[in-house]
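# Residue-level structure breakdown
What follows is the residue order along each chain.
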Amino acid sequence: MTMTSVTGARRQPSDPTAPLRVAVANALSPAEIDRLASSDPRLEVIADTDLLPPQRFPGDFAGDPAFVRSPAQQTSFEHLLKSADILFGIPDLDPSTLKGILDSNAKLRWVHTMAAGGGSQISAAGLSDEQLQRVIFTTSAGVHARPLAEFALLGLLAGAKSMPRLLQQQYDRRWTERWHMGQLSSMTVLLVGYGSIGREIASILHGLGTRVIATTRRPIETHLVDEFIAPTDIASTAGRVDAIVVSLPGTAATANLVDRRVLEALRPGAILVNVGRGSVVEHTALVQALQSGHLGFAALDVVANEPLSPDDALWNQPNVLISPHTAALTADEGKRIIDLFAVNARRLFEHRPLINTVNTVEFY
């Protein structure tokens, strides 16, 4: 058994100065555990690597699916989690396990999720109002903004530059007549979502000279966006844009927000990119819009039901680029999540509001 701990001290109820006990609940590399352990001397980081599935690649927080704990190991794992003040990750990425830990650990005060959209996992845990009020839940939102913005740029360029046609002609070894390609500097792009990902995309597009429209619930002053609209105005705005980029989390409020009305209102040949959650885009309407050619191209890092079924019609569409929810994965993802956690730990000790707290009403 390998156990890592910042200090040997245990936090006692009578000793408010003792380190807060942080239990590592997801797969991490030894280097990541060391980084977490050294991030703040006021944290006692506990990570038993024998109880965690080994990572298959950097950023693999789920770990090897073949990993199985023995009954004794499972008991030890649960004991470790029940002794913690803070959970680094949702245990086994399983909301029901998180519920069990909160039911039995009254001193747990903070849970940090590996996912940017960790609110959906908190919602799925079915926690009581008391638990939602007692525990702070934070996500890794912002960590994945740049990689996802780059994928969005790839999708927009692939659609604008006729990538499917280019690939097919290359495969067929056909040199055809020339044709006009789209240019981002002359396009209008609607960002459905203006969180950390949307802001990063807006920054890139602004630099390219693209006209940017973005959705927001409240007024924002920024030079990166030419126009803000309310989420309720997406359908009435769709006819003025050449592309839509979705970066919203999956919640009850965002389900099928980009629906048939929105897709039909788009200009013929428009582009759609989704780097948020698949549930935001109405799946059947998306397939039909692509099949009819009204939607010219779609780049999808996410779909409504993952993994995408082998018999789903999206696989056969030549005007679709499908990524298996991997656009956010980078070699240093774990490092960046740990650094974000360390910032929040300092804020916790300084009695300041934490970054990326989950809205426990809408769970985003």
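Residues numbered from 1 in each chain as written. Predicted model: local features only at pLDDT ≥ 70, side-chain atom pairs only at ≥ 80, totals over all residues. Heavy atoms only, no water.

### Quick look at the sheet that holds strand E11 (residues 270–274)
- Read from one edge of the open sheet, seven strands run E9-E8-E7-E10-E11-E12-E13, paired in parallel fashion. Both outer strands of the open sheet, strand E9 (227–229) and strand E13 (320–322), are each paired with one neighbouring strand and no more. Going from strand to strand, the sheet's axes swing by 15° on average, the running direction of each strand aside.
- Judged from the five bridges that link them, E11 and strand E12 (residues 295–300) form a sheet pairing that is parallel. Note on E12: the bridge partner recorded for Ile 271 is Phe 297. (Pairing = 2+ DSSP bridges. Helix = DSSP H or I, 4+ residues; strand = E, 2+ residues; numbered from the N terminus. Axes fitted to C-alpha atoms, helices over the stretch in contact; angles between N-to-C directions.)

### Side note on the packing of aromatic side chains
- One pass over the structure, following the stated rule, counts three aromatic pairs.
- Pairing Tyr 194 with Phe 228 gives two aromatic rings, centres 5.3 Å apart and planes at 80°, and the pair type is edge-to-face. One end of the pair, Tyr 194, is in the loop between strand E7 (188–192) and helix H8 (196–208); the other, Phe 228, is in strand E9, with 34 residues separating them in the sequence.
- Across from the ring centre of Phe 77, 3.7 Å away, lies the NZ or CZ of Arg 69, which sits over that ring.
- Note that Arg 165 overlies the ring of Trp 179, its terminal NZ or CZ placed 3.7 Å from the centroid. (Phe/Tyr/Trp six-rings, centres within 6.5 Å; stacked < 30°, edge-to-face > 60°. Lys NZ or Arg CZ within 6 Å of the ring centre and 35° of its normal.)

### Topic: the pattern of salt bridges
- According to the stated counting rule, one finds 19 salt bridges in the structure shown.
- Linking Glu 44 and Arg 21 is a salt bridge whose minimum nitrogen-to-oxygen distance equals 3.2 Å. One end of the pair, Glu 44, is in strand E3 (residues 43–48); the other, Arg 21, is in strand E2 (residues 20–24), and 23 residues separate them in sequence. In this pair, the class of Glu 44 matches that of Arg 21, namely buried. (Salt bridge = Lys/Arg side-chain N within 4 Å of Asp/Glu carboxyl O. Buried < 20%, exposed > 50% of the residue type's maximum accessible area, 1.4 Å probe, protein only.)

### A few points about the packing of helix H1 (residues 30–37) against helix H12 (residues 333–349)
- Relative to each other, H1 and H12 sit at 15°, their axes nearing to 10 Å. Between H1 and H12, the angle falls in the class roughly parallel. Our pair here, H1 against H12, has a crossing hand that is right-handed. Contacts from Glu 32, Arg 35 and Leu 36 in H1 reach Gly 334, Lys 335, Ile 338, Asp 339 and Phe 341 in H12. (Parallel < 35°, antiparallel > 145°, perpendicular 65-115°, else oblique. Left-handed = near helix turned anticlockwise from the far one by under 90°. Contact = heavy atoms within 4.5 Å.)

### A short note on the confidence of the model for the chain
- Put simply, the chain has an average pLDDT of 94, and 95% of its residues get 70 or more.
- Low pLDDT, under 50, characterises residues 6–14; the stretch is placed with 21 contacts to residues that sit more than four places away or in other chains. (pLDDT = per-residue confidence, 0-100.)

### Side note on the pairing of E2
- A large share of E2 lies buried, amounting to five of its five residues.
- Of the two faces of E2, the one holding Leu 20, Val 22 and Val 24 and the one holding Arg 21 and Ala 23 are both buried throughout.
- Bridging between E2 and E3 involves four bridges; their strand directions are parallel. What sits directly across from Arg 21, in E3, is Glu 44.
- Taken together, E2, H1 and E3 constitute a β-α-β crossover, and its handedness is right-handed.
- Pairing between E2 and strand E4 (residues 86–88): three bridges, direction parallel. Bridging across to E4, Val 24 finds its partner in Phe 88. (Right-handed = clockwise from strand over helix to strand, strands pointing away.)

### Topic: the side chain of Glu 44
- With relative accessibility at 2%, the residue Glu 44 sits in the buried group.
- A distance of 3.2 Å separates polar atoms of two side chains, one belonging to Glu 44 and the other to Arg 21. (Polar contact = N/O pair within 3.5 Å; in protein donor to acceptor, adjacent residues only side chain to side chain.)

### Digging into the pairing of E3
- Burial within E3 is extensive, with six of its six residues counted as buried.
- By the alternation rule, side chains of E3 split into Leu 43, Val 45 and Ala 47 and Glu 44, Ile 46 and Asp 48, which are all buried.

### Here's the deal with unusual backbone geometry
- Cis geometry is adopted by the peptide bond preceding Pro 307, which originates at Glu 306 and carries an omega value of 0°.
- With respect to the secondary-structure elements, Pro 307 resides in the loop between E12 and E13.
- Within the chain, His 351 stands out as a residue other than glycine whose phi angle is a positive 60°.
- Judged by relative accessible area, which is 75%, His 351 ranks as exposed.
- If you check the backbone angles, Asn 356 has positive phi at about 65° while not being a glycine.
- The residue Asn 356 is located in the segment after H12 in this model.
- On the accessibility criterion, Asn 356 (23% relative accessible area) is partly exposed.

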